[in-house]
Amino acid sequence: MPGPLHVRPLPGEATASYLTRLAATYRLSPAQLLDGLATTVTGTEHAPPAAEIHLSAETARRLSGFTRIPLTHLTRALPHLRPPAPSSANTGAHDTATAHWHVAEPALQPLPACTACTIRRSPHTAAPAWIHPPPHLPRIMICTRHQQASSDPRHPAPLNIQAVPELTQAHLRARHPATPVSLSWASTITTRWYDHHQHLHQRWRTRLHQLTAANPHIPPGPASPALTCRELITYPETLTLATALDRLPPHPLTRTQQTAFLHQLAGRLHLPRLAPADHDLLRQRLATR
């Protein structure tokens, strides 16, 4: 029987997150909701973001019927939801309704979703939601409408980024994402600069102070905000560097060409000059292909 309360998934939401929010709407646990869907559950239930759940095609169909959301819409919104199996008209029978809980690796855990967007899609409960960032992009969630962002699943809630408008501006400018290779190089380079206090240290230190001052709920440990906020703090410069790397020719640059590139990059990063050492990862990238 379809449920009377409508709970819509967020784009990119983890299946476990949606199932948990849906169950909370009816004041149930995910196990109780799945039991109501006559589903056999294996594995140990954990709360998001540490946990994810795999649903069989039959369970996904039953979930679709209960929520009154077409299965194609659920599959599009929930990237880890198992695609529908062949129809019973072709197979002669439905598959069994099963669900399996498993622990997600820290690097693959979803991020806290914008609280305002969550409330709009689940007006009957205040349960938090967790979303997976799009593939081949930085592991960052930025809601430009409500000025919230997250980049680390160790944060219990998204961060208020109103005090750091350059994050939103960089996100809005990124209409044409860089290639995965350039983005990977750029992320590695800015992470190294950040960890070694190089080139943009003062700017990033100021940005860290702005984020922590505006978000007293950031847990102080076991990982410090300097670590858990690192991806957000370096985000604008990472995108700028990735775009610049995408424009490189398909061959190593001569020393003169490297100097010209670094001069142009310094302007894009709003630096008076940029002169990385020979062992700097950016130098290595310019000298190889």
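First things first, this report covers the structure right here in the doc. (Residues numbered from 1 in each chain as written. Predicted model: local features only at pLDDT ≥ 70, side-chain atom pairs only at ≥ 80, totals over all residues. Heavy atoms only, no water.)

For S224, the location among the structural elements is in the loop between α9 (201-214) and α10 (225-228). For S224, a relative accessible area of 33% puts it in the partly exposed group. Along the chain, S224 and S29 lie 195 residues apart, while their C-alpha atoms are 32 Å from each other. (Helix = DSSP H or I, 4+ residues; strand = E, 2+ residues; numbered from the N terminus. Buried < 20%, exposed > 50% of the residue type's maximum accessible area, 1.4 Å probe, protein only.)

Glancing now at empty space enclosed by the protein. According to the stated counting rule, one finds one cavity of 30 Å³ or more in the structure shown. Within this model, the largest cavity holds a volume of roughly 30 Å³. Lining of the largest cavity is provided by P138, I140, S187, E231, T234, Y235 and T238. Residue composition of the lining of the largest cavity, by class: three nonpolar, three polar and one charged. (1 Å grid on protein atoms, 1.4 Å probe; cavity = no way out; pocket = protein on both sides within 12 Å on 5 of 7 lines; lining within 4 Å. Points joined across faces, edges and corners; volume = space filled by probe spheres on them. Nonpolar A, V, L, I, M, F, W, Y, C, P; charged D, E, K, R; others polar.)

Here the focus is the packing of helix α12 (residues 235-246) against helix α13 (residues 255-268). Between α12 and α13, the shortest axis-to-axis distance is 10 Å and the interhelical angle comes to 145 degrees. With respect to the hand of their crossing, α12 and α13 are arranged in right-handed fashion. Here α12 contributes T240, L241, A244 and L245 to the contact with α13, which in turn contributes F261, L265 and R268. (Axes fitted to C-alpha atoms, helices over the stretch in contact; angles between N-to-C directions. Left-handed = near helix turned anticlockwise from the far one by under 90°. Contact = heavy atoms within 4.5 Å.)

Another aspect to go through is the packing of helix α1 (residues 15-25) against helix α3 (residues 57-67). Put simply, α1 and α3 touch, their axes get as near as 13 Å, and they point 40 degrees apart. By the angle between their axes, α1 is oblique relative to α3. Relative to α3, the crossing made by α1 is left-handed. For the pair α1 and α3, contact is made by Y18, L19 and L22 and by L63, F66 and T67, respectively. Looking at the contact of α1 with α3 residue by residue, the classes come out as five nonpolar, one polar and no charged. (Parallel < 35°, antiparallel > 145°, perpendicular 65-115°, else oblique.)

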